[in-house]
Amino acid sequence: MFPERIETDRLRLERLCHENADVFELYDCFADRHGDGLDEVFEYVPQTPYQTVMDAREQIANAEERWAEREGAEYVVRPRAGEGGAGELAGITGLTCQWERRTGQLGLILRKPFWGRGYSGERAAALMGLAFERLDLELVTAGHNDGNEKSKRAIETYIEAHGGQYDGVLRNWVPMGDAVADLHRYTVTRGQYYDAVGERSE
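Residues numbered from 1 in each chain as written. Predicted model: local features only at pLDDT ≥ 70, side-chain atom pairs only at ≥ 80, totals over all residues. Heavy atoms only, no water.

Draft legend 1. Representation of helix 3 (residues 53–68) in the model. Taking 1.5 Å of rise per residue, 16 residues should cover 22 Å, and helix 3 covers 23 Å from first to last C-alpha, within 8% of that figure. Inspection of helix 3 places Ala56, Gln59, Ile60, Ala63 and Trp67 among the buried residues, and these make up the whole buried set. When helix 3 is viewed along its axis, its buried side chains cluster within an angular range of 95 degrees and face the same direction. The exposed set on the far side of helix 3, more than 90 degrees from its buried face, consists of Glu65 and Ala68. Each element contacted by the buried residues of helix 3 is listed here: strand 2 (11–15), helix 1 (23–30), strand 3 (72–79) and strand 4 (91–98). One or two steps after helix 3, the chain reaches Arg70, where phi turns positive at roughly 60 degrees. (Helix = DSSP H or I, 4+ residues; strand = E, 2+ residues; numbered from the N terminus. Expected span 1.5 Å × (residues − 1). Buried < 20%, exposed > 50% of the residue type's maximum accessible area, 1.4 Å probe, protein only. Arc of directions from axis to C-beta. Contact = heavy atoms within 4.5 Å.)

Draft legend 2. Examining the pattern of salt bridges more closely. One pass over the structure, following the stated rule, counts 16 salt bridges. Residues Arg78 and Glu25 are paired through a salt bridge, measuring 3.0 Å at the closest nitrogen-oxygen approach. You can see Arg78 sitting in strand 3 and its partner Glu25 sitting in helix 1, a full 53 residues away along the chain. Here Arg185 and Asp167 are joined by a salt bridge, their closest N and O atoms 3.3 Å apart. On the criterion of sequence distance, the pair formed by Arg185 in strand 8 (residues 179–189) and Asp167 in strand 7 (residues 165–176) is long-range, its members being 18 residues apart. The exposure class of Arg185 is partly exposed, given its relative accessible area of 28%. The exposure class of Asp167 is partly exposed, given its relative accessible area of 40%. What emerges from the salt-bridge pattern is a single network uniting Arg5, Glu7, Arg12, Glu14, Glu25, Arg78 and Arg80. (Salt bridge = Lys/Arg side-chain N within 4 Å of Asp/Glu carboxyl O.)

Draft legend 3. Examining the nonpolar core more closely. Within the largest apolar cluster, 32 residues are counted, with the highest numbers of intra-cluster contacts made by Tyr75, Leu106, Met128 and Tyr158. Sorting elements by how many residues they give to this core places helix 4 (residues 119–134) first, with eight residues. Beyond its immediate chain neighbours, meaning those up to four positions away, Tyr158 contacts Leu106, Ser120, Gly121, Arg123, Ala124, Met128 and Ala142. Core analysis: the second largest hydrophobic core is formed by 20 residues, Tyr27, Cys29, Ala63 and Ile92 among them. (Core = buried A, V, L, I, M, F, W, Y, C linked by side-chain atoms within 4.5 Å.)

Draft legend 4. Representation of the packing of aromatic side chains. Inspection of the entire model under this criterion finds seven aromatic pairs. Between Trp67 and Tyr75, the ring centres sit 6.0 Å apart and the planes meet at 80 degrees, which makes this aromatic pair edge-to-face. Here the aromatic rings of Tyr166 and Tyr186 are separated by 5.0 Å at their centres, their planes lie at 50 degrees, and the arrangement is tilted. Note that Tyr166 is positioned in strand 7 and Tyr186 in strand 8, a separation of 20 residues in sequence. On the accessibility criterion, Tyr166 (42% relative accessible area) is partly exposed. Residue Tyr186 is classed as buried on the basis of its relative accessible area of 4%. (Phe/Tyr/Trp six-rings, centres within 6.5 Å; stacked < 30°, edge-to-face > 60°.)

This is the structure:
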């Protein structure tokens, strides 16, 4: 159902599984350490840095289970040749499928050295293509926690590029440890996507 690999102009998305992601590499990228920018990386996401290698192993196993159950596809993000850090594990992205709603939800966590390159929008375009062109979904959603200005700018850019819109704020939507954050939600419909893609191809 889901492709094992997706390639864009600058990125290679590979299925998050034990064959494609070394557990120690994943752990090294997102382990709880000082001075590597992880506080900023995890500030607005409902996940915490890994405390042990087992945390990374469990994330891979959970991704494999969701893939097998057709609940969604998660990928490791690697820059392609010619990019800074080519071949490195830059982050993890995914498309969660809510089949009863005909909806796909985008997600991304990206290491700080790879911020500011436009990778968020590039992988979002690829996953929207997967959602609409291969999985025949009717809606794709993206969102950011209140206060996350970097994600806001990135999401607004790729949502606008695909004809979508800002839907509003969902109060007390994302559990974040002892708190619950508000989520700003954006959507692109199937029709908006094809209108936008058609316009760019003409």
